[in-house]
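Report on the structure
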Amino acid sequence: MSRHVRSIAVRACLLGLGALALATPSSAQPPAQIQQAVDAAYQRFRTLNEGKNADYIPALAKVDPNLFGIALVTADGKVYTAGDVKTEVSIQSISKVFTMAQVIQEQGPDAIEKRIGVDATGARFNSIIAIEAVRTVSGTGAPEMNPLVNPGAISATSMVMGPTSDAVWAKIIGFHNAAAGRQLSVLQDVYKSESDSNQRNQAIGALMLAYGYIKGNWQQAVDLYTRQCSIGVNAQDLATMAATLAAAGKNPITHSQVIDAAKVPNVLAVMSTAGLYDDSGKWLYHTGLPAKSGVGGGIIAVSPGKFGIAVVAPPLDDAGNSVKAQRAIEAISAALGGNPYGESQVQTTTVQVTSPPRPSLEIYGFAMLDMGHNFKQIHPDWYDTLRLTKLPASPNEFGEDNSTFSGVRQSRLGVRSSTPTTMGDLKTIFEFELFGTGVDSGQTTFRLRHAWGELGAFGAGQYWSPFTDPDAFPNSLEYWGPTGLAWYRNVQVRWTPIRDDNNSLMIALERPGASGDQGVYADRIELQGIKARFPLPDFSAAYKYSEKWGYVRVAAQLRKIKWDDTLNDNLDLSGDATGWGFNFSSNLNAGKNDVIRMAVVVGEGIENSMNDSPVDIGIQKNLQDPLRPVIGKPLPIVGTSFFLDHKWNDRLSTAVGYSRQDIDNSDGQAPNAFKAGQYFLGNLLYTPVPNVMVGGEYQWGRRENFSDGFHSDGVKVQFSFKYNFSWKLGG
């Protein structure tokens with residue numbers, strides 16, 4: 001058989017099998033089985049100590065060789081992970097797959113085959129000799145090269161069309177973004193390191209121009225190729241990109257059609273024959289999976305119609321492929337029947353590519369028992385909390401010390417749903433708990449926490465205020481929590497114009513509300529006609545920046561508060577005030593087992609948005625004005641919170657920390673008005689099996705009055721038993 005005929009036969013066979021694999025329906029394996037396969041591979045190979053980092057690019061030699069992360073994304077968008085799946089490495093040669101796919105998408109499969117070719121070269125991926133040996137197969141016009149070796153990849157990059165280098169780059173990075181489902185960026189240290197040491201690729205670019213494989217600016221092509229290899233990705237990004245190919249070109253997370261389904265087999269065929277450098281044939285022989293490796297330590301593999309899988313582990317073998325990644329992917333694929341050439345895969349002729357996204361409904365919650373002892377007094381309606389504003393404001397206000405409590409008021413029940421639409425997923429959440437507040441204080445009764453709907457960037461209903469950072473709350477047993485936190489669920493309409501893995505920006509109009517303190521004048525008849533009014537909704541916004549070390553977040557709130565004097569007398573006590581506040585919060589990952597949670601809140605007239613503060617407006621003396629002898633003052637407040645969540649091991653954890661708030665009272669408030677609060681807790685929590693937690697916690701708090709010199713302490717120990725549940729239908 002001539003080489004020409006053999007080449008055509010091999011390509012036809014691969015394309016045919018690729019199409020058959022894509023036509024195979026996704027086998028619905030239980031999620032637990034998939035996660036078990038991922039976890040087993042991680043545990044089996046995490047201590048494997050073979051290979052070494054690539055060092056011909058200096059920046060790659062510096063990458064942590066112990067980095068190991070596995071991510072698997074199914075064709076219907078479910079994600080399974082183990083290890084470090086968030087640390088970014090450079091994508092390197094895996095980018096070749098998606099630039100090739102971009103050219104095929106825009107110019108058709110023939111463009112790649114006629115200009116570059118789709119045959120394995122039989123030489124190293126960066127061989128210059130291979131360029132000299134390339135010849136065009138008679139009668140086809142197709143050279144014997146492919147887009148997954150450096151000469152072909154640089155040529156493929158040169159084929160992405162655009163009026164300027166920046167325009168071409170915008171298209172390249174945009175295609176990678178679409179496949180990954182998030183905004184990616186270049187690792188500048190890698191880009192500089194490669195640019196300073198890519199003389200071989202520059203020589204390849206010049207030769208490809210000389211031999212007609214590059215038609216334009218070869219320096220631009222080499223630079224763009226170097227930049228695309230320096231894109232930062234993590235294991236979950238790569239698995240999503242692989243799953244996009246597994247799902248017939250549609251990103252299973254965003255549901256965006258990145259590449260036409262009919263063109264995906266062309267991409268998979270080249271991955272099958274040339275994806276793992278010199279070991280491509282051996283890899284295909286053992287796994288059957290189209291795959292691509294990168295010298296940054298990543299490998300992606302595709303089980304068409306089933307899943308995409310990616311592993312990041314920098315140490316490479318002699319062929320330039322990650323040692324751990326190969327072993328882990330092979331083990332997981334074998335456990336899940338991922339080989340598209342397996343017997344079970346070729347017995348069906350069904351043309352269903354993959355199931356469309358389906359609506360899902362999840363019922364979740366937990367049952368929780370709290371038992372403990374109050375060594376000091378607290379308002380009897382708040383027996384199972386350490387709410388500082390409910391501590392005594394005078395000696396023995398609530399009787400004698402020492403009382404025991406128990407209850408199930410923290411128990412929770414929720415329902416959430418997700419429904420695919422042409423505008424993205426419609427998500428809803430309804431969540432209730434049994435902790436009575438307001439008129440139900442002290443009662444065990446259903447209370448609404450969240451009633452929220454979200455479609456794309458818009459949401460409406462009752463949910464966390466953007467001024468609140470829920471992640472600043474420690475992993476505590478005590479229900480009410482730190483005194484210095486902004487902590488408020490509110491009715492709102494919200495717009496989130498920016499939301500990706502690193503940045504989010506949300507803006508909301510919220511239901512207004514505030515309270516006032518008439519202080520020492522509370523019994524005066526002249527104040528009985530004062531009525532609050534809110535002419536505008538509260539405005540709030542928050543920006544959050546996240547990285548692998550944690551995040552920083554800044555939120556702001558602005559509100560207008562008015563009060564009208566409805567009493568017909570010779571005084572006019574009407575007035576208004578502007579409330580404003582800033583909430584600076586952060587979570588810092590201090591090693592693998594520690595998270596520092598902290599927040600600082602400053603503002604005035606924002607007590608309504610705080611976790612445990614009294615009034616927003618205090619009464620201020622204004623005796624020099626006979627028409628308005630008293631006025632309202634928005635009370636300044638400063639809140640601080642600092643907690644550490646520490647994980648001793650997989651079953652034991654501790655939260656410990658301190659918070660406080662300080663209010664600048666107005667001079668007309670009563671001497672026993674709340675001025676300052678301090679709060680401390682420390683606990684030990686034990687999780688014997690998944691979804692079950694038992695723990696004990698010590699809590700201390702102090703309330704300080706405005707001007708009478710009195711303070712009271714709260715001291716508690718609490719033991720809790722918590723049982724989580726979740727049941728999901730669809731999805």
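Only a predicted model underlies this, so the values are computations on that prediction, with no experimental measurement involved.

1. Digging into the overall build of the chain
Each helix and strand in the chain was counted, giving 16 helices and 29 strands. The dimensions of the chain, computed from C-alpha atoms along their principal axes, are 105 × 55 × 45 Å. Looking at the chain as a whole, 51% of its 731 residues qualify as buried. Long-range contacts, defined as pairs at least 24 residues apart, comprise 69% of the intrachain contacts of the chain with a sequence gap of at least 6.

2. Here we look at the environment of Gln-36
By secondary structure assignment, the location of Gln-36 is in helix H2 (residues 31-45). A residue is classified by how much of its surface remains accessible, and Gln-36, at 56% relative accessible area, is exposed. The sequence separation of Gln-36 and Ala-82 amounts to 46 residues, and the corresponding C-alpha distance is 9.9 Å.

3. So, helix H11 (residues 218-229)
Structurally, the α-helix is built with 3.6 residues per turn, so residues lying three or four positions apart point the same way. Its twelve residues place the ends of H11 16 Å apart at the C-alpha level, agreeing with the 16 Å of an ideal helix rising 1.5 Å per residue. The buried fraction of H11 amounts to nine of the twelve residues, a majority that puts the element mostly inside the structure. If you check which residues of H11 are buried, you get Trp-218, Ala-221, Val-222, Leu-224, Tyr-225, Thr-226, Arg-227, Gln-228 and Cys-229.

4. Quick word on the sheet that holds strand E17 (residues 516-517)
Strand pairs in the sheet, formed through backbone hydrogen bonds, run parallel or antiparallel to each other. The three strands lie next to each other as E17-E23-E24, forming an open sheet whose pairing is mixed. With one partner strand each, in any of the chains shown, E17 and strand E24 (630-634) form the two edges of the open sheet. Relative to strand E23 (residues 617-621), E17 runs parallel, the two being bridged by two bridges. Bridge assignment links Gly-516 to a residue of E23, and that residue is Ile-617.

5. Overview of the side chain of Gln-718
By the secondary structure assignment, Gln-718 is in strand E29 (residues 711-730). A distance of 3.2 Å separates a polar side-chain atom of Gln-718 from the backbone oxygen of Leu-477. Looking at Gln-718, its side chain comes within polar contact range of the side chain of Ser-720, at 3.2 Å. In this structure, Gln-718 is in contact with Asp-370, Met-371, Gly-372, Asp-384, Phe-405, Gln-410, Leu-477, Glu-478, Gly-695, Gly-696, Glu-697 and Gln-699, ignoring residues within four places of it in sequence.

6. Remarks on the confidence of the model for the chain
Here the chain averages 89 in pLDDT, and 91% of its residues register 70 or above. Throughout residues 1-27 the model reports pLDDT below 50, and contacts reaching past four residues in sequence, or to other chains, amount to 52 contacts. When the criterion is pLDDT under 50, residues 137-141 qualifies, and its contacts beyond four places in sequence or with other chains add up to eight contacts.

7. Remarks on the sheet that holds strand E5 (residues 231-233)
The three strands lie next to each other as E3-E5-E4, forming an open sheet whose pairing is antiparallel. The open sheet has two edge strands, strand E3 (89-90) and strand E4 (185-186), and neither has a second partner. As defined by bridge partners, E3 adjoins E5 across two bridges and the pair is classed as antiparallel. In the strand pairing of E5, Ser-90 is matched with Gly-232.

8. Structural notes on the packing of aromatic side chains
Under the definition given, this model contains 15 aromatic pairs. Taking 6.3 Å as the distance between ring centres and 35 degrees as the angle between the ring planes, the aromatic pair formed by Trp-382 and Phe-435 counts as tilted. Taken together, the residues span a long stretch of sequence, with Trp-382 in the loop between strand E9 (360-374) and strand E10 (403-407) and Phe-435 in strand E12 (residues 424-435) at a distance of 53 residues. An angle of 20 degrees between the planes, with centres 5.2 Å apart, marks the rings of Trp-452 and Tyr-463 as stacked. Residue Trp-452 is found in strand E13 (residues 444-455), and its partner Tyr-463 is found in strand E14 (residues 458-464); the two are separated by eleven residues along the sequence. Given a relative accessible area of 24%, Tyr-463 falls into the partly exposed group.

9. Points about the pattern of salt bridges
The full count for this structure, using the stated rule, is 30 salt bridges. The salt bridge involving Arg-227 is made with Asp-223; its shortest N-O contact spans 3.1 Å. Highlighted residues: Arg-227 and Asp-223, both in helix H11, separated by four residues, approximately one helical turn. On the basis of relative accessible area, Arg-227 is assigned to the buried category, the value being 16%. On the accessibility criterion, Asp-223 (26% relative accessible area) is partly exposed.

10. Side note on the pairing of strand E21 (residues 575-589)
Here strand E20 (residues 550-565) pairs with E21 via 14 bridges, running antiparallel. Counted as the bridge partner of Gln-557 is Gly-581 from E21. Relative to strand E22 (residues 594-604), E21 is paired through ten bridges, and the arrangement is antiparallel. What sits directly across from Asn-587, in E22, is Arg-597. In sequence, E21 turns back onto E22 through a hairpin of four residues, with Gly-591 there showing a positive phi of about 95 degrees.

11. A closer look at the packing of helix H9 (residues 188-196) against H11
Look at H9 against H11: their axes get within 9 Å of each other, and the N-to-C directions meet at 140 degrees. When the interaxial angle is binned, H9 and H11 end up oblique. Judged by the sense of rotation from one axis to the other, the crossing of H9 with H11 is right-handed. On H11, the residues touching Tyr-191, Glu-194 and Ser-195 of H9 are Asp-223, Thr-226, Arg-227 and Cys-229. Residue composition of the contact of H9 with H11, by class: two nonpolar, two polar and three charged.

12. Notes on a nonpolar patch on the surface
A contiguous nonpolar surface patch, about 960 Å² in accessible area, is contributed by Leu-361, Ile-363, Leu-413, Val-415, Phe-430, Phe-432, Phe-446, Leu-448, Phe-725, Trp-727 and Leu-729. Elements that contribute at least two residues to the nonpolar patch include exactly E9, strand E11 (412-421), E12, E13 and E29. Per-element accounting of the nonpolar patch gives the leading share, three residues, to E29. Assignment of secondary structure puts Leu-729 in strand E29.

13. Concerning helix H12 (residues 235-246)
Under the 1.5 Å per step criterion, the end-to-end length of H12 is 16 Å for twelve residues, consistent within 8% with the ideal 16 Å. Within H12, burial applies to Ala-235, Asp-237, Leu-238, Ala-239, Thr-240, Met-241, Ala-242, Ala-243, Thr-244, Leu-245 and Ala-246. Of the residues that open H12, the one with a side-chain oxygen 3.0 Å from the backbone nitrogen of Gln-236 is Asn-234.

14. Points about the packing of H2 against helix H15 (residues 323-336)
As a packed pair, H2 and H15 sit with axes 9 Å apart at the nearest point and diverge in direction by 150 degrees. Between H2 and H15, the crossing angle belongs to the class labelled roughly antiparallel. In this structure, H2 crosses over H15, and the sense of that crossing is right-handed. When H2 is examined against H15, the residues Gln-33, Ile-34, Ala-37, Val-38, Ala-41, Arg-44 and Phe-45 are found in contact with a partner set consisting of Lys-324, Arg-327, Ala-328, Ala-331, Ile-332, Ala-335 and Leu-336. When grouped by side-chain class, the residues that make up the contact of H2 with H15 number ten nonpolar, one polar and three charged.

15. With respect to unusual backbone geometry
With phi around 50 degrees, Gln-92 is a residue other than glycine that occupies positive phi space. Among the secondary structure elements, Gln-92 is positioned in the loop between E3 and helix H4 (94-107). In the Ramachandran plot, Ala-248 falls in the positive-phi region, its phi being about 60 degrees despite a non-glycine side chain. You can see Ala-248 is positioned in the loop between H12 and helix H13 (264-274). Take Ala-248: its relative accessible area is 6%, and that puts it in the buried class.

Parameters at a glance
- Residues numbered from 1 in each chain as written.
- Predicted model: local features only at pLDDT ≥ 70, side-chain atom pairs only at ≥ 80, totals over all residues.
- Heavy atoms only, no water.
- Helix = DSSP H or I, 4+ residues; strand = E, 2+ residues; numbered from the N terminus.
- Buried < 20%, exposed > 50% of the residue type's maximum accessible area, 1.4 Å probe, protein only.
- Contact = heavy atoms within 4.5 Å.
- Expected span 1.5 Å × (residues − 1).
- Pairing = 2+ DSSP bridges.
- Polar contact = N/O pair within 3.5 Å; in protein donor to acceptor, adjacent residues only side chain to side chain.
- pLDDT = per-residue confidence, 0-100.
- Phe/Tyr/Trp six-rings, centres within 6.5 Å; stacked < 30°, edge-to-face > 60°.
- Salt bridge = Lys/Arg side-chain N within 4 Å of Asp/Glu carboxyl O.
- Axes fitted to C-alpha atoms, helices over the stretch in contact; angles between N-to-C directions.
- Parallel < 35°, antiparallel > 145°, perpendicular 65-115°, else oblique.
- Left-handed = near helix turned anticlockwise from the far one by under 90°.
- Nonpolar A, V, L, I, M, F, W, Y, C, P; charged D, E, K, R; others polar.
- Patch = residues over 30% accessible without salt bridge, like charges linked within 9 Å, V, L, I, M, F, W, Y side chains within 5 Å.
- Areas by Shrake-Rupley, 256 points an atom, 1.4 Å probe, with all protein chains shown as cover.

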